[in-house]
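Tertiary structure, described
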Amino acid sequence: MEKIWNLKKQGDTNEVKHLSAALSVNMIIARLLVQRGISSYNEAKSFFRPRLSDLLDPFLMKDMDKAVERVERAISLQEKVIIYGDYDVDGTTSVAMMYSFLKPRIEHIEYYIPDRYSEGYGISPQSINYAVENGFTLVIALDCGIKAVEKIADAKNHGLDFIICDHHNPDEIIPPAVAVLDPKRPDCSYPNKELSGCGVGFKLLQAYCIKNNIEQDEIYDLLDLLAVSIASDIVPIVGENRVLAYFGLKKLNSNPGIGLQTIINMAGLAGTEITISDIVFKIGPRLNASGRIEHGKKSVQILVSDDEGQSDLIGEEINSYNEIRKTLDRDITLDAIEMIEKNEELKYMNSTVLYNRDWHKGVVGIVASRVTEQFYRPTVILTESNGLATGSARSVRDFDLYEAIGKCSDLLE
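Reference entry: report on the structure contained in this document.

How each quantity is defined
- Residues numbered from 1 in each chain as written.
- Predicted model: local features only at pLDDT ≥ 70, side-chain atom pairs only at ≥ 80, totals over all residues.
- Heavy atoms only, no water.
- Helix = DSSP H or I, 4+ residues; strand = E, 2+ residues; numbered from the N terminus.
- Rg over C-alpha atoms; globule rule 2.2 N^0.38 Å.
- Buried < 20%, exposed > 50% of the residue type's maximum accessible area, 1.4 Å probe, protein only.
- Contact = heavy atoms within 4.5 Å.
- Areas by Shrake-Rupley, 256 points an atom, 1.4 Å probe, with all protein chains shown as cover.
- Lys, Arg positive; Asp, Glu negative; His and termini not counted.
- Charge placed at Lys NZ, Arg CZ, Asp CG, Glu CD.
- Salt bridge = Lys/Arg side-chain N within 4 Å of Asp/Glu carboxyl O.
- Pairing = 2+ DSSP bridges.
- Right-handed = clockwise from strand over helix to strand, strands pointing away.
- Polar contact = N/O pair within 3.5 Å; in protein donor to acceptor, adjacent residues only side chain to side chain.

1. Some thoughts on the overall build of the protein
- Counting its regular elements, the protein contains 18 helices and 8 strands.
- Computed over its C-alpha atoms, the radius of gyration of the protein comes to 22 Å, within 12% of the 22 Å expected for a compact globule of 413 residues.
- Taken along the three principal axes of its C-alpha coordinates, the protein extends 60 × 60 × 45 Å.
- Residue burial in the protein is summarised as follows: out of 413 residues, 49% are buried.
- A separation of at least 24 residues holds for 64% of the contacts in the protein among residues at least 6 apart in sequence.
- As displayed, the protein has an accessible area near 20,300 Å², and 50% of this comes from carbon and sulfur atoms.
- A gap of 5 Å separates the mean positions of the 45 positive and 61 negative side-chain charges of the protein.

2. Some thoughts on the pattern of salt bridges
- If you walk through the whole model with that rule in mind, you get 23 salt bridges.
- Between Arg 185 and Asp 187 there is a salt bridge, with its nearest N and O atoms 2.9 Å apart.
- For Asp 187, a relative accessible area of 43% puts it in the partly exposed group.
- The shortest N-O distance in the salt bridge between Glu 240 and Lys 203 comes to 2.6 Å. Taken together, the residues Glu 240 in helix α11 (residues 239-254) and Lys 203 in helix α8 (residues 197-211) connect sequence positions 37 residues apart. With respect to class, Glu 240 is no different from Lys 203; both count as buried.
- Salt bridges sharing partners connect three or more residues here, namely Asp 63, Lys 66, Arg 185 and Asp 187.

3. A closer look at the pairing of strand β7 (residues 379-385)
- Most of β7 is tucked away, with 6 of its 7 residues classed as buried.
- Pairing between strand β6 (residues 352-355) and β7: 4 bridges, direction parallel. Bridge pairing in β7 places Tyr 355 opposite Leu 382.
- A crossover connection joins β6 to the parallel β7 through helix α17 (residues 364-375); in handedness this β-α-β unit is right-handed.
- As judged from the 7 bridges shared by β7 and strand β8 (residues 388-394), these two strands associate in the antiparallel manner. If you follow Ile 381 over to β8, its bridge partner there is Ser 392.
- As consecutive antiparallel partners, β7 and β8 are separated by 2 residues, and within that stretch Asn 386 has a phi angle of approximately 50°, a positive value.

4. Some details on the side chain of Lys 298
- Structurally, the position occupied by Lys 298 is in helix α14 (residues 297-303).
- On the accessibility criterion, Lys 298 (17% relative accessible area) is buried.
- A polar atom in the side chain of Lys 298 sits 3.2 Å from the side chain of Glu 317.
- Contact partners of Lys 298, with chain neighbours within four places excluded, come to Ser 290, Ile 314, Glu 317, Ile 318 and Tyr 321.

Here it is in C-alpha cells:
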C-alpha cells in the first residue's frame, strides 16, 4: 500500500518561542501546539484544561428558540412524542440521551430506530405512518432528517411536527420542520460546525435547561453518551467538542450509565482508564453491531436500561452480533481485495466500484473503508437489497465523492 505523507508546516519560530516562554514548556511541545493552531497562553489553557463554562451559548444556533418552545409545548400539553434516530452509534446515543432526559417529563414517549434493511437510512415513510396512525404529534429526529424535505412536508400535512437535530450537510432546500437545528446550515451562525448528531441534541437540552432554570448537572450526567458519540463519529476533538469529550470521558470512567457499564465489561475494559481509542475500537463497534446485524433498537434498549440484569442479557446479544460482524467484515474485505488483485483492469483504475449480491449490507461501509485504506482511492461497495443495488462509499482527501455520485443522481433512488 502506497503511503501519502502530509507534513505540517513548522510554524513561525518567534511564535513558538513566545508560547514556549509563556507556558514554561520546551520548544518541541510549543511547536506542536502552534502547528495545531494554538498560539497563545489562553488557547493553550483551554486546550489542556477544558471547562464546562467554555461551552457555547446554544441559542446561537439557528431555530433553537423555536425548538425549545416546541418541546415546552409538548411537555405542557403532554403530547405523544417519538424520539427518532439513525441506527449507528451517533444516532442511538442521541436517542438514548434525549429519551432519558424527556422520559420523566412526558408520559407518552417512545423511541424509534429505522430498520437498516426494510427502511434504510433517514426518515422513513413507515415511521411517519406509524406516528400518524398512533396519534403522535411530535417527532424529534436526531442524526438525520436534514435532507428529508418531501417526507417532512408529508408529515406536516398529517399534523405531525418535526424538530430536526442533524449535523450533515443540507441541500439547497431546508425541510419544513418546526425547527431545523444543524450548524452546517448556510444561515446558521453557530461557531462549532463540527458537532456530532448527539452534540446537536445536547445543545437542545442545554437550551431547554437554560430557558427553564433547570440545573445543568442533569444533562452533564448524560455526557458519557455524548463522548461515545464524539469518538465513534470521528468529529474533531477541539474547541467545544474537546470540552464535551473530556467531561464525557470522566463520567464514563467514574460512573457510566448501566448500559454503558455492561458494554465496558463486555469489551474487557472494566478497571482500566477508558480512552477515546477504547471507544473507537471497542465500545463503538459493539453498539454499531446491533444495527448492522439485527436492529439498532437493541443499542438504545441497553443504553436506557436501568436494570443490570436486563442490561447484561442485551449486552450478551450485542456482543454476539459483534462477533458475527467481525467475521463478515473480515471475509468480505478479503473477498473484495481478491476481486481487485485478480483483475488487471480493476487493479489500476482510479476508483473502486465492486458488487456482490451476497455481501451483507450491514458491513459494506466497513469494507469500503478497509478497501480505501488498502488502495487509497474512492471506493463504492455494493450489494443487493429489496431488488436494488445498495451500499456504501468512502473517499480520499480532496475528492468530493458525494458530488461525484450526485452527478449520477438520475440513476439513483
